[in-house]
Amino acid sequence: MMMIIVGCGQVGESENSFSKESTFVGSVSCKSCHESAYQDWQKSDHFLAMQPANDSTVLGDFNNTSFTADGVTNSFFKKDGKFFINTQGDDGRNHDYEVLYVFGYFPLQQYLIAFSGGRLQSTRVSWDSRDKKWFHQYAGRVVHHADWLHWTGNSQNWNTMCASCHSTDLQKNYDEQTDAYNTTWKEINVSCESCHGPGSSHIEYINSKQYAKGKRIENAGLYYGRDTISQLQLNTCAACHARKSDVAPDLMRSGEIMDDLIPQVLSNELYFADGQIMEEDYEYGSFTQSKMFHQNVRCSSCHNPHTGKLRLSGNNLCLSCHKPEYNKVTHHFHTPETEAAQCINCHMVARTYMGVDHRRDHSFRIPRPDQSVQYGTPNACTGCHTDQLDKWAAESVKKWYGPQRKYHFSDDLIPGSLLNEQSEMHLVKLLRDTTQPEIARATAAYYLGNIQTHTTVKALLEMLQDQKALVRYHVLRSLENFPPEHWRMKVSLLLTDKVRAVRIAAADLYHRLPADAIPADSKEAYAKADAENLGFLHYQTDFAVGNVMMADYQMQGNVYPEAIRYYQRALKMDSLMNYARMNLAATYNAVGKNKEALEMLQQAASIDAFNDHVFYSLGLLQYEMGLLPAAMENFQKAVNLGSVNPGVYYNYGLALQSQGQWKQAEEILLRGIALHPQAANINYGLVYLYMQQQLPQKAMKYAQVLKGIDPGNPEYQELFRNLGI
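Residues numbered from 1 in each chain as written. Predicted model: local features only at pLDDT ≥ 70, side-chain atom pairs only at ≥ 80, totals over all residues. Heavy atoms only, no water.

*Asks:* So, the packing of aromatic side chains: which residues are in play, and what are the values?
*Replies:* What the rule picks out here adds up to 31 aromatic pairs. With centroids separated by 5.7 Å and ring planes inclined at 80°, the aromatic side chains of F333 and Y401 adopt a geometry described as edge-to-face. Of this pair, F333 sits in the loop between α12 (329-332) and α13 (343-347) while Y401 sits in helix α16 (residues 390-401), and the two are 68 residues apart along the sequence. Accessibility expressed as a relative area gives 41% for Y401, which makes it partly exposed. One aromatic cluster is present, built from ring pairs that chain together F62, F76, F83, Y111, W127 and W134. A cation over an aromatic ring shows up here: R141 above the ring of Y138, its NZ or CZ 5.6 Å from the ring centre. Directly above the ring of Y539 sits K172, whose terminal nitrogen or CZ lies 4.0 Å from the centroid. (Phe/Tyr/Trp six-rings, centres within 6.5 Å; stacked < 30°, edge-to-face > 60°. Helix = DSSP H or I, 4+ residues; strand = E, 2+ residues; numbered from the N terminus. Buried < 20%, exposed > 50% of the residue type's maximum accessible area, 1.4 Å probe, protein only. Lys NZ or Arg CZ within 6 Å of the ring centre and 35° of its normal.)

Spelled out as structure tokens, the structure:
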């Protein structure tokens, strides 16, 4: 349901209300009143986001040309006025494919091909609009025709990956049962109503008596218009300029972004450890961590919202807000009016995506080569001065700006991301610091899920009522890794949280519990939130990861046949997804199909021979099956691969102990305790090992740790009594 916004407030039951829910009317309806904005929009990349393929829209050379890259020859030609590409299909052989649509305009243009089931697929050979040539986006990488990265695979599927940000009111309309799409749009490109919302109520107001009488309501009937609050503007842009997951097909447009989408946090899978962009992260995650955003700077402060172009060129744009001193040699220490003296080259480092698309980091950060020296993160200085070392850059910064660097959240986020014995202190500090950006604090909550200690769970529970929805969401996700007795009675309020994504996360947390473990007064709230969670999960099932999420949900509910079906669907979409393969093995194990489970894990090991978790899982399964030599070998492989999983050291230690290999067991458990001094299982393993050898003095040290972190655990009571503590 689309909510109608007047200025910054929702339309209510008053003279400002309109007769019906607003509907889409088309961008041409805006032209008569907004001629200038309409003309600007027609010059924009938004206007050119997607178009039918014809002589005026196709930029690529289809005049019987060819391009060979990474073992595949692609031929481009026209026939009967239509455009064709002869290239490798999903069967490994070349075929002629008709181009139905062009996708994008500059700096590259891609081409969409129709397949069965309503699918459109985006070719990986694209046209470089800047240098006017064909190129391969994965240059130097041979992509097998069965790989999900192949242009015919799930990762290049327009319906799932691209469509919602290139067309107006895109409805994916995926049918999970038939594995087919009936995708529709109101306008093929990004039109006025993509940002401002459907326009019928606005037009109704313009034609109303109150408007004729001179009663003006700014932006009446629109979701977003001029002079709105910066957060609302950012929410509008974030729908396409954020790396995120969509919550549901129905947009609430409530003013809270997480009613409609879940932005990715600054994890080191997607970002560098300090929060700089690494993968294709778009702009939202960067901008929301910046000082600019927190000083009410908004997208339209720098960009004309209709053309998408910068309002001013070069440093003039920055100087429209910043003092002139920032454009002097005494600040930047480079030759004036050169590329080196451009603000953006120090504060908005660029990375290249999709082969030719240069995008700038919108965190507007101050370069920190000192962090590069200590942690290996990149910095703008040696990014340009490639012949110099980070230490040189750090010393230069000290000489120019003094020995001390002003605190930045990355001073805690980087060491926190390392997940070592010092990480908890940094992450808890950042999580609790409400002066820091929401996305940075949410990232701290995300990492804390990997540190299962009393201090961590206490800090997470403190933040269940945090004002920021992204923080609450990731607190809930991290609590999944802690025993239910810590959170079971404290999470129930979030089942009725005002934000949809938070309710979903709370329901997902309770879903892993038996029905009788959910607080009695929360069962109705849980049922409603769980329905939202199921809707969210079903909406993702046209994507490999979405099927894994649904499979995990079914597995947690002990609905094993459905879990197996969804894991298998995920592997059909992405045959290299080892996470699905490992969870499928766990499901097979749960239903007593250990032969199938072993086969899955062996496949996973052949795909990724450097994944310690695969070999740990193999070791556990083989130990359960009585295949002790193989189990020991795989536990050792996990250790050799540098596993930081405390379970590896605990289970390997117990296995060695069961074979009477006391010294080797001690060595492994001590290696584990060095990595995780507070890990209850490893401390327990050492106490048990030493007590069996009648070495109570050695056992005492680790028993004291257990007493401190989990004094009420019934499994430890006999040990405590025997040691007199």
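That shown, we press on.
*Asks:* Tell me what's going on with the pairing of strand β9 (residues 119-122), and back it up with residues and numbers.
*Replies:* Residue alternation in β9 divides its side chains into two sets, R119 and Q121 and L120 and S122, and both sets are buried. The hairpin formed by strand β8 (residues 108-115) and β9 contains three residues between the paired strands, and G117 there has a positive phi angle of roughly 75°. (Pairing = 2+ DSSP bridges.)

*Asks:* Give a description of the nonpolar core that names residues and reports values.
*Replies:* Judged by nonpolar contacts, the single largest core of 129 residues is most densely connected at M258, L431, L476, L479, W487 and V491. Per-element accounting of this core gives the leading share, eight residues, to helix α23 (residues 500-511). Excluding its chain neighbours within four sequence positions, the residues that come into contact with W487 are L461, L479, F482, L509, Y510 and L513. The next biggest cluster of nonpolar side chains, apart from the first, holds 14 residues, and it includes V58, V99, I113 and W134. (Core = buried A, V, L, I, M, F, W, Y, C linked by side-chain atoms within 4.5 Å. Contact = heavy atoms within 4.5 Å.)

*Asks:* So what about the pairing of strand β4 (residues 65-69)? Which residues, and what values?
*Replies:* Where β4 lies against strand β5 (residues 72-79), five bridges are found, and the strand directions are antiparallel. In the sheet register, A69 faces β5, and the bridge partner there is V72. Here β4 hands over to β5 after two residues, with D70 in that stretch at a positive phi of 50°.

*Asks:* How would you summarise the environment of Q664 if you had to cite specific residues and measurements?
*Replies:* In this structure, Q664 sits in helix α32 (residues 662-675). We classify Q664 as partly exposed; its relative accessible area is 35%. Separated by 397 residues in sequence, Q664 and S267 place their C-alpha atoms 36 Å apart.

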